[in-house]
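Chains, contacts and geometry: an overview
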Amino acid sequence: MPTITKISTQKRPGYYNIFLDESYAFSVTEQVLIQFELAKDKELTKEQVETIKSAQVYSKAEQAALNFLSYKMRSVAEIEQYLAKKSLYRRRQSTSCDTITRNGLLK
């Protein structure tokens with residue numbers, strides 16, 4: 001099983017690089033780092049690594065939606081359309097909008 005050997009910060013605030021077995025594996029947001037309780041010397045299964053990567057894609061979509069929303073009030077359709085332009089986020093756009101709506105930022 002791969003082991004987290006190092007966690008380093010990126011130049012972008014709130015993003016971290018995760019190293020598995022002394023080699024770079026992926027980057028995560030602070031939200032994902034806390035959600036999965038990632039720490040040095042923690043062992044991860046391949047399934048856990050894939051789950052973490054999937055959660056990171058969702059987190060990026062949510063951050064993009066929040067950033068887009070920060071400029072002015074937007075409708076759900078506008079945010080979904082914005083996320084659809086970013087092909088990376090197609091699978092996560094409705095989930096991101098649901099989360100933002102639950103937090104009271106969209107109606």
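One can find the structure itself at the top, above this paragraph.
Residues numbered from 1 in each chain as written. Predicted model: local features only at pLDDT ≥ 70, side-chain atom pairs only at ≥ 80, totals over all residues. Heavy atoms only, no water.

Here we come to the overall build of the protein. A tally of helices and strands in the protein yields four helices and three strands. Starting at the N terminus and walking to the C terminus, you meet the elements of the protein as β-β-β-α-α-α-α. When each of the 107 residues of the protein is scored for burial, the buried share is 39%. Sequence-distant contacts, at least 24 apart, represent 44% of the contacts inside the protein between residues at least 6 apart. Carbon and sulfur atoms form 50% of the exposed surface of the protein, whose accessible area is close to 6,900 Å². (Helix = DSSP H or I, 4+ residues; strand = E, 2+ residues; numbered from the N terminus. Buried < 20%, exposed > 50% of the residue type's maximum accessible area, 1.4 Å probe, protein only. Contact = heavy atoms within 4.5 Å. Areas by Shrake-Rupley, 256 points an atom, 1.4 Å probe, with all protein chains shown as cover.)

If you trace the backbone, Tyr16 turns up in strand 2 (residues 15–20). Taking relative accessible area as the criterion, Tyr16 reaches 16% and is therefore assigned buried. Expressed as a C-alpha distance, the spacing of Tyr16 and Leu33, which sit 17 residues apart in the sequence, is 7.9 Å. With sequence-adjacent residues up to four places away left out, Tyr16 is seen in contact with Ile7, Ser8, Thr9, Gln10, Phe26, Ser27, Val28, Thr29, Glu30 and Leu33.

Turning our eyes to something else, we now look at the environment of Gln10. Here Gln10 is to be found in the loop between strand 1 (4–9) and strand 2. When its relative accessible area of 21% is taken as the criterion, Gln10 is described as partly exposed. As a C-alpha pair, Gln10 and Val28 span 18 residues in sequence and 9.8 Å in three-dimensional space. Dropping the residues within four chain positions of it, Gln10 is found in contact with Tyr15, Tyr16, Asn17 and Ser27.

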